[in-house]
Amino acid sequence: MEIQQYPDDFRCPISMEVMSDPVILSSGHTFDRTSIQRWLDSGNRTCPVTNLPLPPHPSLIPNHALRSLISNFTPTPPSNSIPCPLSFLKTLTSKSPSSKLESLAQIPRISRHLPSFRRQLIESGAASAVLRLVPHEDLAEAALKVVLDLSLDGDDARVGLVAEGAVATLVEALDGKSPAARALAATALTSLAVVRSTRRRSARTGRRRSGGWWGC
């Protein structure tokens, strides 16, 4: 039997196992509920990833969007059946809503198994096309699933999405959309905030090392 290779973002940072009940800690990182609860019950009050302090009674917010992505994980499709990213771009900018919806559903299934496909989508301009579909009520949820999926590909993908204006689009999606769409938008924003925070810390560190702050 072929063993399915899950993306690293589907695995709990503590147990390294695929999460069955992902929850978001106040630090913004996601863990499997059982693992993080055991960590907290042991008296730890720091984030296992960042090592930053946590509140006395940390809340665990269910990450429904990520749980849905994990539960919908499917085997890698045959390589000869994978369309070119440019073909997706053509479909996503077409006039057919049904074709757009079908393409949006296909992208996460393919990109979860082929990280290079995610990068090609962003480089081809397809990510920008997906973001333009978020305001459409009948396509919003499917488009937001794609945005979240692309944001899981690492800092380069997140930087690319931010450059395409993803933050403003996601913030707008928090108002007036379905509960599922709002949850997807909130989770994607959390994912993008990680790289934005990291870049700010790196910039501050660079200034300190260069001596830019010593004269303040």
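The name an unreviewed UniProt entry assigns to the protein chain is RING-type E3 ubiquitin transferase, from the organism Acorus calamus. Database annotation for the protein chain, UniProt heading Pathway (unreviewed entry): "Protein modification; protein ubiquitination."

Visitor: How should I be thinking about the layout of surface pockets in this particular structure?
Guide: As a volume, the largest pocket reaches approximately 450 Å³. The wall of the largest pocket is formed by 21 residues, among which Asp-9, His-29, Thr-30, Leu-152 and Arg-158 lie closest to the centre. By residue number, the principal contributor to the lining of the largest pocket is helix α10 (residues 179-210), which donates 4 residues. In terms of residue class, the lining of the largest pocket is made up of 10 nonpolar, 7 polar and 4 charged.

Visitor: Explain the side chain of Ser-191 to me, please; I cannot follow it from the model alone.
Guide: Locating Ser-191 in the fold gives a position in helix α10. A polar contact of 3.1 Å, which involves the side chain of Ser-191, links it to the side chain of Arg-158. Not counting the four nearest positions on each side in its chain, Ser-191 is found in contact with Ser-151 and Arg-158.

Visitor: Would you mind showing me how to read the nonpolar core here?
Guide: Soluble globular proteins: nonpolar side chains tend toward being buried together. Counting 51 residues, the largest nonpolar core has Leu-92, Leu-104, Leu-144 and Leu-170 as its most contacted members. Sorting elements by how many residues they give to this core places helix α7 (residues 140-151) first, with 7 residues. When sequence neighbours within four positions are dropped, the list of residues in contact with Leu-104 reads Leu-92, Val-130, Leu-133, Leu-139, Ala-142, Ala-143 and Val-146.

Visitor: Can you help me understand unusual backbone geometry in this one?
Guide: A negative phi angle characterises most non-glycine residues, just as the trans form characterises most peptide bonds. Of note, the phi angle at Met-16 is positive, near 65 degrees, even though the residue is not glycine. By secondary structure assignment, the location of Met-16 is in the segment before β1 (22-24). Of note, the phi angle at Asn-51 is positive, near 65 degrees, even though the residue is not glycine. Within the fold, Asn-51 resides in the loop between α1 (33-41) and β3 (61-62).

Visitor: Where do I start with the packing of helix α6 (residues 126-133) against α7 in this structure?
Guide: To characterise two packed helices, one gives the angle between the axes of the helices and the distance between these axes. Interhelical geometry of α6 versus α7 gives an angle of 145 degrees and a closest axis separation of 8 Å. The hand of the α6/α7 crossing is left-handed. Facing α6, whose interface residues are Ala-127, Val-130, Leu-131 and Leu-133, α7 presents Ala-140, Ala-143, Val-146, Val-147 and Leu-150. Considering only residue class, the contact of α6 with α7 consists of 9 nonpolar, no polar and no charged.

Visitor: How do you make sense of the pattern of salt bridges when you look at a structure like this?
Guide: Pairing between side chains of opposite charge can happen when their charged atoms approach one another. The full count for this structure, using the stated rule, is 2 salt bridges. In this structure, Arg-33 and Asp-21 form a salt bridge, with 2.8 Å as the shortest nitrogen-oxygen distance. One end of the pair, Arg-33, is in helix α1; the other, Asp-21, is in the segment before β1, and 12 residues separate them in sequence. Asp-21 serves as the salt-bridge partner of Arg-67, at 3.6 Å between the closest nitrogen and oxygen. In this pair, Arg-67 sits in helix α2 (residues 64-71) while Asp-21 sits in the segment before β1, placing the two residues 46 residues apart along the sequence. Linked by salt bridges that have partners in common, Asp-21, Arg-33 and Arg-67 make up one network.

About the thresholds
- Residues numbered from 1 in each chain as written.
- Predicted model: local features only at pLDDT ≥ 70, side-chain atom pairs only at ≥ 80, totals over all residues.
- Heavy atoms only, no water.
- UniProt positions renumbered as here; feature names shortened; annotations may be inferred.
- 1 Å grid on protein atoms, 1.4 Å probe; cavity = no way out; pocket = protein on both sides within 12 Å on 5 of 7 lines; lining within 4 Å.
- Points joined across faces, edges and corners; volume = space filled by probe spheres on them.
- Helix = DSSP H or I, 4+ residues; strand = E, 2+ residues; numbered from the N terminus.
- Nonpolar A, V, L, I, M, F, W, Y, C, P; charged D, E, K, R; others polar.
- Polar contact = N/O pair within 3.5 Å; in protein donor to acceptor, adjacent residues only side chain to side chain.
- Contact = heavy atoms within 4.5 Å.
- Core = buried A, V, L, I, M, F, W, Y, C linked by side-chain atoms within 4.5 Å.
- Buried < 20%, exposed > 50% of the residue type's maximum accessible area, 1.4 Å probe, protein only.
- Axes fitted to C-alpha atoms, helices over the stretch in contact; angles between N-to-C directions.
- Left-handed = near helix turned anticlockwise from the far one by under 90°.
- Salt bridge = Lys/Arg side-chain N within 4 Å of Asp/Glu carboxyl O.

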